[in-house]
Amino acid sequence: MIVTKPRDWNRIKANLAEIDAKSVFIMGCGECATVAHTGGQAEIMVAKARLEAEGYSVTGSAVGAVTCHSGGVNLDMRKHRAEVDAADAVLVLSCGAGVQTVADAVKKPTYPGLESAFLGNVVRHGVFEERCQMCGDCVLDKTAGICPVTTCPKGLLNGPCGGMWNGMCEVLTDRECAHVKIRRRLAEQGRGMKGVIAPKDYSVKRGPGSVNTRDAALGRKPASTATDKPFTTEKDA
Amino acid sequence: MGKFRDALVRGEFVITGEVAPPHGTDYSAMLESVRKLSPFCHALNVTDNQGATLHLSSLAASRVVLENGNGCEPIFQQTCRDRNRLALQSDLLAAWTLGLENVLVVTGDDPRGGDHPKAKGVFDMDSTQLLQVTKGMNEGVDMNGTPLDGATDFFMGGALFPEAEPWDIQLERGLQKVEAGAEFFQTQAVTDVDKFARAVEAFEPTGAKLIAGILLFKSPRVIKFINERLAGLMVPDWITDRVTGAEKPLDEAIAIAIEQAIQLKDIAHGIHIMPLGSDDAVARIIEGAELG
Ligand code: SF4
Ligand code: SF4
């Protein structure tokens, strides 16, 4: 899931002040932002109270089922048309993808209410950890299922770096070095590090990514974007 | 072929030192260090934004050392932290063109520990990968295998931490660097000569040369700084006790360095002295250990 954090309240206030907004419609997200406790029904109520305490009127609110989903958001916005129309601005408590979906669907200044932090593993309720940065050129096959791109603070593919001390990381000193973990697990599995892992192919991750399975299924050539084949490398082709 | 490389390959015991480029354009203090250290050293490392803090580039500063070292050569340092693969290769070509023949390839400290904590750490490549690329350039190709108009012929080194545990992982990593092209290693400060000897023995079959790091533990304040701030280094109690208990801590630190140099003389292929600004101590260490 996408892990979000509350955005600095002063930045939100400054955004609203810029357009001299007096009234706000609030949109949350029923998926990630609800799980992260940043943009569900409860957090919308907190934001509402906060805005009202600052003298804004809140014209209404909604929690999209999945706020990064255009179809669903369009439907929600139609349902709340009057409330949205009555507002000077829309505040979205979701990841940046959701903010953009809402901005597409309403003709109002739309502002992010959260910061999109990372793609997170839900370790247990309320505990999220970044384990993958969606680099597009996965090395987990070579690293025993532990991602060095993400879990080594320097993102080194080959390690450990010179700062590893007693198996611990030099940057985040309370954590085990990712490369110590990798080599241990490889050894446990009777495998070893074979040679040097080559520099990553960052070209596959060059944005904006785009996947169009519909046109492909219909045998149509998809409309061109910056990456026609975002998840295919030349090696694979 | 450079003098530093010749000496090391011939089996001579080499001495290397370290100078820091300025935080600005006035490199007179660095030149003063070069003047003091060069008579005693085969080569001087020229650090590259050390500790992730801003300094004049190692490229320009290495050239200054080359011109002012009276035959004592610079070891151009390249860290992976600040540059992507284009910039790294470009700087290596520049270095060779400027007459720099020795390069030490390191990954680099994380920017969050330096003076620009908001910087994006690049780490497009790690040190092993960059060694491999440098080796390719010595063979006349860039990292894509495309021929260069003029190859390099660098003497390539890497960093090694012989006291880090688990040792088998460190060793594996070091061997990986040799496979990638490292011909010599400069190590972090050696505080346990036995562990260093273990490393020398392990690398013996590869032919890679090990230059032992000697750090001047010059005051209780410096020891505290090393323990708290320097990645991957803990000063053992026996050193801390001797330096803190001494009437003249610097003299005691120099005495310790001399003892270490004497012990390492028969084990290492050379020593790398890090005087932490007390450049005058280098001459005393070398004379004391009868290495001059
Ligand atoms: S290597 Fe890339 S795709 Fe694979 S887990 Fe790491 S960041 Fe994600
Ligand atoms: S100690 Fe290990 S995890 Fe930490 S930065 Fe170095 S290689 Fe990465």
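That block above? That's the structure.
What follows concerns the overall build of chain A. Assigned secondary structure in chain A consists of nine helices and seven strands. Computed over the C-alpha atoms, the radius of gyration of chain A is 22 Å, more than 25% above the 18 Å expected from 2.2 N^0.38 for a compact globule of 237 residues. Considered along the principal axes of its C-alpha atoms, chain A spans approximately 65 × 50 × 30 Å. Expressed as a percentage of the 237 residues in chain A, the buried residues total 41%. Long-range pairs, those at least 24 residues apart, make up 58% of the contacts in chain A between residues at least 6 apart in sequence. Counting every atom, chain A has about 12,700 Å² of accessible surface; 52% of that belongs to carbon and sulfur. Between the centroid of the 31 positive side chains of chain A and the centroid of its 26 negative side chains there is a distance of 4 Å.

So, on to the interface of chain A and chain B. In this complex, chain A contributes 27 residues to the contact, which on the side of chain B involves 29 residues. Buried surface at the junction of chain A and chain B, both sides included, amounts to about 2,300 Å², of which 56% is carbon and sulfur. On the surface where chain A and chain B come into contact, there are one salt bridge. Measuring nitrogen to oxygen at the nearest pair gives 2.7 Å for the salt bridge that ties Arg183(A) to Glu172(B). In this assembly, chain A and chain B are joined by 14 residue pairs in polar contact (both at pLDDT 80 or more). For the side of chain A that touches chain B, the per-class residue count stands at 16 nonpolar, seven polar and four charged.

Going through the model one piece at a time under the given rule, you end up with 26 salt bridges over all chains. Across the pair Arg184(A) and Glu176(A) runs a salt bridge whose closest N-O atoms are separated by 2.7 Å. The salt bridge partner of Arg112(B) is Asp110(B), with a shortest N-O separation of 2.6 Å. Judged by its relative accessible area of 47%, Arg112(B) is partly exposed. With a relative accessible area of 7%, Asp110(B) lands in the buried category. The structure contains a network of salt bridges with shared partners spanning Arg7(A), Arg11(A) and Glu115(A).

It is worth spelling out the nonpolar core at this point. The biggest cluster of nonpolar side chains holds 63 residues, and the ones touching the most others in it are Leu264(B) and Ile271(B). Excluding its chain neighbours within four sequence positions, the residues that come into contact with Ile271(B) are Phe13(B), Val14(B), Ile15(B), Thr16(B), Ile211(B), Ala212(B), Ile214(B), Ala261(B), Leu264(B) and Leu291(B).

Quick look at the site of ligand 2 now. Taken together, Cys152(A), Pro153(A), Lys154(A), Pro160(A), Cys161(A), Met164(A), Cys169(A), Glu170(A), Val171(A), Cys177(A), Ala178(A) and His179(A) are the residues near ligand 2. Partitioning the shell around ligand 2 into residue classes produces nine nonpolar, one polar and two charged.

A word on the site of ligand 1. Around ligand 1, the structure places Cys132(A), Gln133(A), Met134(A), Cys135(A), Cys138(A), Val139(A), Leu140(A), Cys147(A), Val149(A) and Thr150(A). Among the residues making up the shell around ligand 1, the classes are represented as eight nonpolar, two polar and no charged.

Moving on, we come to the packing of helix H2 (residues 28-37) of chain B against helix H3 (residues 58-68) of chain B. Residue and element names in this part refer to chain B. Contact pair H2 / H3: the axes reach a minimum separation of 10 Å and the direction vectors enclose 45°. Relative to H3, the element H2 lies oblique. The handedness of the crossing between H2 and H3 comes out as right-handed. The segment H2 lies against H3, with Met30, Leu31 and Val34 engaging Ala61, Val64, Val65 and Asn68. Residues belonging to the contact of H2 with H3 are distributed by class as follows: six nonpolar, one polar and no charged.

So, on to the pairing of strand S6 (residues 184-189) of chain B. Residues and elements named next belong to chain B. Here S6 lies mainly inside the structure; five of its six residues are buried. Where strand S5 (residues 155-160) lies against S6, four bridges are found, and the strand directions are parallel. The partner of Gly157 across the bridge, within S6, is Phe184. A crossover connection joins S5 to the parallel S6 through helix H6 (residues 167-180); in handedness this β-α-β unit is right-handed. Direction of pairing for S6 relative to strand S7 (residues 209-215): parallel, over a ladder of four bridges. Looking at the pairing, Phe185 lines up with Leu210 of S7.

Moving on, we get to the side chain of Lys154(A). Inspection of the secondary structure puts Lys154(A) in the loop between helix H7 (148-151) and helix H8 (178-188). By relative accessible area, which is 6% here, Lys154(A) ends up buried. At 2.8 Å, the side chain of Lys154(A) and the backbone oxygen of Gly108(B) are in polar contact. With sequence-adjacent residues up to four places away left out, Lys154(A) is seen in contact with Cys161(A), Glu170(A), Val171(A), Thr107(B), Gly108(B), Asp109(B), Asp110(B) and Phe123(B).

Its location among the elements puts Arg81(B) in the loop between strand S3 (73-79) and helix H4 (85-97). Leaving out residues up to four positions away in the same chain, Arg81(B) has contacts with Asp48(B), Asn49(B), Ala52(B), Thr107(B), Gly108(B), Asp109(B), Pro111(B), Gly121(B), Val122(B) and Phe123(B).

Here the bond from Gly159(A) into Pro160(A) is cis, since omega is 0°, no more than 30 degrees from zero. That bond from Gly207(A) to Pro208(A) is cis: its omega, -5°, falls within 30 degrees of zero. Relative to the helices and strands, Pro208(A) resides in the loop between H8 and helix H9 (213-217). A positive phi is found at Met134(A), a non-glycine position, where the angle reads about 55°. Looking at the secondary structure, you find Met134(A) in the loop between strand S7 (127-130) and H7. Residue Met134(A) is classed as partly exposed on the basis of its relative accessible area of 43%. You will see that Asn49(B), though not glycine, has its phi angle at about 45°, which is positive. Given a relative accessible area of 15%, Asn49(B) falls into the buried group.

Conventions adopted
- Residues numbered from 1 in each chain as written.
- Chains lettered and ligands numbered in written order.
- Predicted model: local features only at pLDDT ≥ 70, side-chain atom pairs only at ≥ 80, totals over all residues.
- Heavy atoms only, no water.
- Helix = DSSP H or I, 4+ residues; strand = E, 2+ residues; numbered from the N terminus.
- Rg over C-alpha atoms; globule rule 2.2 N^0.38 Å.
- Buried < 20%, exposed > 50% of the residue type's maximum accessible area, 1.4 Å probe, protein only.
- Contact = heavy atoms within 4.5 Å.
- Areas by Shrake-Rupley, 256 points an atom, 1.4 Å probe, with all protein chains shown as cover.
- Lys, Arg positive; Asp, Glu negative; His and termini not counted.
- Charge placed at Lys NZ, Arg CZ, Asp CG, Glu CD.
- Buried area = accessible area lost by both parts, 1.4 Å probe.
- Salt bridge = Lys/Arg side-chain N within 4 Å of Asp/Glu carboxyl O.
- Polar contact = N/O pair within 3.5 Å; in protein donor to acceptor, adjacent residues only side chain to side chain.
- Nonpolar A, V, L, I, M, F, W, Y, C, P; charged D, E, K, R; others polar.
- Core = buried A, V, L, I, M, F, W, Y, C linked by side-chain atoms within 4.5 Å.
- Near = heavy atom within 4 Å.
- Axes fitted to C-alpha atoms, helices over the stretch in contact; angles between N-to-C directions.
- Parallel < 35°, antiparallel > 145°, perpendicular 65-115°, else oblique.
- Left-handed = near helix turned anticlockwise from the far one by under 90°.
- Pairing = 2+ DSSP bridges.
- Right-handed = clockwise from strand over helix to strand, strands pointing away.

Worth remembering: the numbers are spatial, not functional.
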